[in-house]
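As a plain string of letters, each chain reads:
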Amino acid sequence: MNSLPAPLRAALESQIDGEVRFDAVSRALYSTDASVYELHPLGVVVPRTRDALVQVVRLCAEHRCSLTMRGGGTSQAGQAIGNGLIVDTSKYLNQVLELDVAARRARVEPGIVLDELNRHLAPHRLRFAPDVSTASRATVGGMMANNSSGARSVVYGKTIDHVIEQDVVLSDGSVTQFRALTQPELDRACEGTGLEAQCYRTIRRIAVEQRDEVGRRFPKVLRRVGGYNLDEFVQPDAPFNLAKLMVGSEGTLGVVLSATLNLVPLPNAKAVLVIQFGDLLESLAAAPLILKHSPSAVEVMDRFILNHTRQNAALHAMRESFIEGDPGALLCVEFYADSAGDLPPRLAALEADLRANDFGYRYHHAADAAGQAKVWSLREAALGLSMAMKDDAKSLSFVEDTAVAPERLRDYIERLLALVRRHDAPAGVYAHASVGCLHVRPVINMKTASGVKTFEAIATEVADLVLEFGGALSGEHGDGLVRSPFMERMFGPALYESFREIKRTFDPNGIFNPGKIVDAPPLTSNLRYGPTYQTAPLTTHFDFDGYGSMAGAVEMCSGLGVCRKTHDGTMCPSFMATKEETHSTRGRANVLRLAMAGRMSKADLDDHGVYKALDLCLECRACKSECPVGVDVGRFKSEFLAGYWQRHGTSLQARALGNVRSAAVWGSRLAPIANWALRSSPGRAASRALLGIDARRHLPTFASQTLEQSVHKAGPQDPPRQPPDVILFADTFTNHYDPAIGLAALEVMRAAGMNAGLVSHGCCARPQISKGLLGEATATVSRNTARLYPHAKAGRPIVFCEPSCLSAVREDAPALLRGEDRKRAETVAAASMLFEQCMLASIERLPLTNGPRRILLHGHCHQKSMGLVTPAVDLLARVPGATVVNLDAGCCGMAGSFGYTEDHYDVSRAIGERRLFPAVRAASDDDVIVAGGTSCRHQLHDFTGARAVHPAVLLASLLNRAHT
């Protein structure tokens, strides 16, 4: 990577209100998007203000340095990467500046995420119409750059149809407003002497000169977003608005500072008909008939995509709720209506029409919001699902953006699939049957010369096929690096030269996102992977054989950016708090990938820059379950730390916190003295100096009598003399800090008729795993497996109070072991369950008194990642008189020992303050807060003063002991 010219770097650092970064990690993070390409920038700028963004453009113009604007970085064609400066608007320039509800207009900054905007608008029953599947992280600036649309474009059109005005910085640093001009206003605009006037004159002239050519060469389809939008200027009576040219220009003509958008009302009622077909072509043949019924959306998924839903537990559950058997394709047809009562007849009419024409074989009506949410969640996951391949051959985004007229869609897709089959490249198909824009993603190994050759051949042949069918090569995701090489072929030499003239007029020095739309580099330049790509061999503790290697597991991340969502789910807690790409799942995987491939300047796998990039990973494991392809950065971090310690020596902090069980054993033996010492001023000072424990934290107190001691000292009938048929796992936290939880769990299980007892075992190894002490962790889980295996083999359930311990035994232990040890660990894992799971089937046997009016449940991150919050909700819902509220508030921010250290304290607090702490503070005095995780309970107490209880403690407190 080249360094930024010193004068420009100095000017940026001294004049920009924002973050200016030139370190290797930041430059690496912004070198990729969701495309097949990789371009390393000179530096990264994150402006805080509108004026700062204007000044960035002026400095780049002065120093002749190119810049590429970036929002969520989800571009699939390579628009969001470049060799100059990357300018990220998503962290700060993300506000709604004005809202006029009556006029249905909003003025916004370019970095605002679509879902954030729509949340702001929802109380007014309004929304921004384009509904891309990446709405949780796609910015409006990026949507304007790409002219995005989404599933409901058959009703709402594209982004261009909803942009009214834009404030724009031109390449000379001047700021202007592009809006619809009357003819006299246009005449005056053309009379000036500056760059803006020249832009107006050029577009007006080209529109007149090329009117006929535009009519001949622009595809007659709704979903055409390629090239520059000259078709908006060829109608003599149409308003002249250069904002319409900026939309879809991919940041090549100017920088948008703000935009005024048209808003649409939310529909009053919606319903979905899911139609199963024997094969894909039959479903596409049905599309024209369906369109006669005026749907708001018609989305397709083929068997290739649907089969991948089985690899993700949450998606598989969604699938099973509305799909029967193994269909060749699915059409999801949505209808809008003024009232819910209008919808059933419309669904019934469509079903009758389909049956009469012998289309489909099963018809699922989803009239309720929950049912529809499952359908659309599965559909929105299609992009990620299509990429969930563990081999080097991946499903690639490069010909997936074509669009043809819906009535020609079936024949076009038949030809396209035959084309990719000739190249021995299987492909998945999904997306927008309503407008003839289907995403077809061939599977190709780009690490081989033959794969790159196939990539190029398919792209070229598809371009010819699209032209034959009168379609558009760019139907949604834009031109970027992957389709710009075909612009002259698509639009012809005359229009292409006009596009080049437009670019030269707006940007004479070529500073705005060069190489996109016109004058593109060759198709196979700047590939992320290629025949020369390789990673250094690495011996790992965890088994990554299913991916070929750890590098293969890391390379599962394709850059889709689902981890950049900030409201739903848990992934990624530190990104939600910091809004930093470095702290997203994608960012961390990207840094690791580049380091392992030797593509980071002065960095390799044990470089401190990589350590810092991984440092704020809480190992919550949310990425394992919420990332569409299951990228598990928590495991990557553990493996990286193991190598890092081997090369640099293990830190005292990691060794002490990773072996917390040893400390707990001694702490319990010396409990009164140990507790006093830890809480004293000298003790706090020592903890801070030696282990980095923040002095504001309250360390948990040791129990002078452990759970094991309490049970062993019990009377002859408690525990029962006969061997137990259920084993309670005495984890370190329950045994040495909170034995009351273990005693409550035993009491509740026995009250339900179970013969529950303890068995001697070691630590689950979670602390060692989290700190990268994987050699020690492997020895620990091996010993633990040997002790628990006889019980698991005998069919005895092994019950856990602590979700993180269950995760270690169920998920990590088998992956750390090999051979027969692994098989035994898998048997133990299969027998292991959470306390809530165990009790769910037996709660009806418990003699419970009335519980609290409301139970507020906070699920532990590992509990969520294993899909075990639902059993907890269902269990607590059986408490007499109680209503359960699943807070679903993401991560608490503690994550074992993560939040205790000084360097993590602030981000730990910020994570909890996002959703969880406010929800807990809003609880009434009568509410009971339940949290199964030790770290969660301590985090809540530290920052809210609330005392959450374990589910076992709550149930034990409600036992009618006269009947037990």
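Before any of the text, the structure's been laid out above.
In this text, all values refer to a predicted model and were calculated from it rather than measured experimentally.

Trainee: I'd like a description of the overall build of the protein, backed by residues and values.
Mentor: Helices and strands together make up the secondary structure of the protein, namely 45 helices and 25 strands. Relative to the 2.2 N^0.38 estimate, which gives 30 Å for 964 residues, the radius of gyration of the protein is 30 Å and therefore close to what a compact globule would have. Once the C-alpha set of the protein is aligned to its principal axes, its extents read approximately 100 × 70 × 55 Å. Across the 964 residues of the protein, 62% fall into the buried class. Restricting the contact set of the protein to residue pairs at least 6 apart, pairs at least 24 apart contribute 75%. Here the protein has roughly 34800 Å² of accessible surface; of this, 50% comes from carbon and sulfur atoms. Seen as two clouds, the 105 positive and the 104 negative side-chain charges of the protein have centres 4 Å apart.

Trainee: Tell me what's going on with the packing of helix 7 (residues 183–190) against helix 8 (residues 195–209), and back it up with residues and numbers.
Mentor: Between helix 7 and helix 8, the shortest axis-to-axis distance is 7 Å and the interhelical angle comes to 120 degrees. Our classification of the angle between helix 7 and helix 8 gives oblique. Contacts from Q183, L186, D187, A189 and C190 in helix 7 reach A197, Y200, R201 and R204 in helix 8. Looking at the contact of helix 7 with helix 8 residue by residue, the classes come out as five nonpolar, one polar and three charged.

Trainee: Report on the packing of aromatic side chains, specifying residues and quantitative values.
Mentor: With the rule as written, the count across this model stands at 19 aromatic pairs. Arranged with centres 4.6 Å apart and planes meeting at 40 degrees, the rings of F398 and F455 form a pair that is tilted. With a gap of 57 residues between them, F398 in the loop between strand 16 (394–395) and helix 18 (409–422) and F455 in helix 19 (residues 449–468) connect regions that are remote in the sequence. Classification of F455 by relative accessible area gives buried; the value is 0%. Ring-pair connections join several aromatic residues into one group, and the members of that group are F178, Y200, F233 and F240. Taking NZ or CZ as reference, R635 lies 4.4 Å from the ring centre of F542, over its face. Above the face of the Y905 ring, R696 is positioned so that its terminal group lies 3.8 Å from the ring centre.

Trainee: Give a detailed account of the sheet that holds strand 4 (residues 85–88), specifying residues and quantitative values.
Mentor: Whether parallel or antiparallel, the strands of a sheet pair through hydrogen bonds between backbone atoms. Strand order in the open sheet made by the four strands is 1-2-4-3, with mixed pairing throughout. At either margin of the open sheet sits one strand with a lone partner, and together these are strand 1 (18–21) and strand 3 (67–70). Taking the axes of each pair of neighbouring strands and ignoring which way they run, one obtains an average angle of 20 degrees across the sheet. The pairing of strand 2 (residues 43–47) with strand 4 spans three bridges and is parallel. The partner of V44 across the bridge, within strand 4, is I86. The strands that helix 3 (residues 50–63) touches are strand 2, strand 3 and strand 4; relative to strand 4, the one it contacts most, it runs at about 170 degrees.

Trainee: Give me the lowdown on unusual backbone geometry, citing residues and values where you can.
Mentor: Following M571, the chain continues to C572 via a peptide bond in cis, the omega torsion being -10 degrees. On the secondary structure map, C572 appears in the loop between helix 22 (550–554) and helix 23 (573–578). One non-glycine residue, D424, lies in positive phi territory at about 55 degrees. Topologically, D424 is positioned in the loop between helix 18 and strand 17 (427–432). Even without being a glycine, A431 presents a positive backbone phi close to 110 degrees. As for its placement among the helices and strands, A431 is situated in strand 17. Classification of A431 as buried rests on a relative accessible area of 0%.

Trainee: Let's hear about the sheet that holds strand 10 (residues 255–262): which residues, and what values?
Mentor: Strand order in the open sheet formed by five strands is 5-6-10-8-9, and the pairing between neighbours is antiparallel. Of all the strands in the sheet, just strand 5 (96–100) and strand 9 (175–178) have a single pairing partner and so form its edges. Along the sheet, successive strands turn relative to each other by an average axial angle of 10 degrees, direction set aside. By the bridge criterion, four bridges tie strand 8 (residues 163–169) to strand 9 in an arrangement that is antiparallel. Paired with V169 across the two strands is V175, which belongs to strand 9.

Trainee: I'd like a rundown of the pattern of salt bridges, residues and numbers included.
Mentor: Two side chains bearing opposite charge may form a pair once their charged atoms approach each other closely. Throughout the structure, instances matching the rule amount to 60 salt bridges. A salt bridge links E13 to R9; the shortest N-O distance between them is 3.5 Å. Residue E13 and its partner R9 are both found in helix 1 (residues 6–15); the two are separated by four residues, about one turn of the helix. A salt bridge links D942 to R697; the nearest nitrogen and oxygen atoms lie 3.0 Å apart. In this pair, D942 is assigned in helix 44 (residues 934–944) and R697 in the loop between helix 31 (681–691) and helix 32 (707–712), connecting sequence segments 245 residues apart. Residue class for R697 comes out buried when judged on its relative accessible area of 2%. Residues participating in the shared-partner salt-bridge network are D17, E19, R21, R48, K91 and E580.

Trainee: Report on the pairing of strand 4, specifying residues and quantitative values.
Mentor: Every second residue of strand 4 is oriented toward a common face, with L85 and V87 on one face and I86 and D88 on the other, all of them buried. Across four bridges, the pairing between strand 3 and strand 4 is parallel. Bridge pairing in strand 4 places R70 opposite D88.

Trainee: An account of the environment of A779 is requested, with residue identities and associated values reported.
Mentor: Turning to its location among the elements, A779 is positioned in helix 36 (residues 774–793). A779 gets classed as partly exposed once you look at its relative accessible area, which sits at 33%. With 84 residues separating them along the chain, A779 and A695 place their C-alpha atoms 33 Å apart.

Trainee: Which residues make up the nonpolar core, and what values go with them?
Mentor: Within the largest apolar cluster, 123 residues are counted, with the highest numbers of intra-cluster contacts made by L242, L354, I413 and F455. Once you skip the residues sitting within four places of it in the chain, L354 turns out to touch L273, I275, A286, L289, I290, F359 and Y363. Core analysis: the next-biggest nonpolar cluster, separate from the first, contains 62 residues, A551, C620, F636 and A825 among them.

Trainee: Residues and numbers for a nonpolar patch on the surface, please.
Mentor: On the surface, W666, L670 and I673 cluster together to form a nonpolar patch covering roughly 360 Å² of accessible area. Residue placement: I673 occurs in helix 30 (residues 671–679). Owing to a relative accessible area of 61%, I673 belongs among the exposed residues under this scheme.

Trainee: Before we move on, could you go through the side chain of T402 and cite the residues and values that matter?
Mentor: Positionally, T402 belongs in the loop between strand 16 and helix 18. Side chain to side chain, T402 and Y412 meet in a polar contact 2.9 Å long. Residue contacts for T402: discarding those within four places in its chain leaves Y412, G436, C437, L438, V462, V466, A472 and L473.

What counts, and at which threshold
Residues numbered from 1 in each chain as written. Predicted model: local features only at pLDDT ≥ 70, side-chain atom pairs only at ≥ 80, totals over all residues. Heavy atoms only, no water. Helix = DSSP H or I, 4+ residues; strand = E, 2+ residues; numbered from the N terminus. Rg over C-alpha atoms; globule rule 2.2 N^0.38 Å. Buried < 20%, exposed > 50% of the residue type's maximum accessible area, 1.4 Å probe, protein only. Contact = heavy atoms within 4.5 Å. Areas by Shrake-Rupley, 256 points an atom, 1.4 Å probe, with all protein chains shown as cover. Lys, Arg positive; Asp, Glu negative; His and termini not counted. Charge placed at Lys NZ, Arg CZ, Asp CG, Glu CD. Axes fitted to C-alpha atoms, helices over the stretch in contact; angles between N-to-C directions. Parallel < 35°, antiparallel > 145°, perpendicular 65-115°, else oblique. Nonpolar A, V, L, I, M, F, W, Y, C, P; charged D, E, K, R; others polar. Phe/Tyr/Trp six-rings, centres within 6.5 Å; stacked < 30°, edge-to-face > 60°. Lys NZ or Arg CZ within 6 Å of the ring centre and 35° of its normal. Pairing = 2+ DSSP bridges. Salt bridge = Lys/Arg side-chain N within 4 Å of Asp/Glu carboxyl O. Core = buried A, V, L, I, M, F, W, Y, C linked by side-chain atoms within 4.5 Å. Patch = residues over 30% accessible without salt bridge, like charges linked within 9 Å, V, L, I, M, F, W, Y side chains within 5 Å. Polar contact = N/O pair within 3.5 Å; in protein donor to acceptor, adjacent residues only side chain to side chain.

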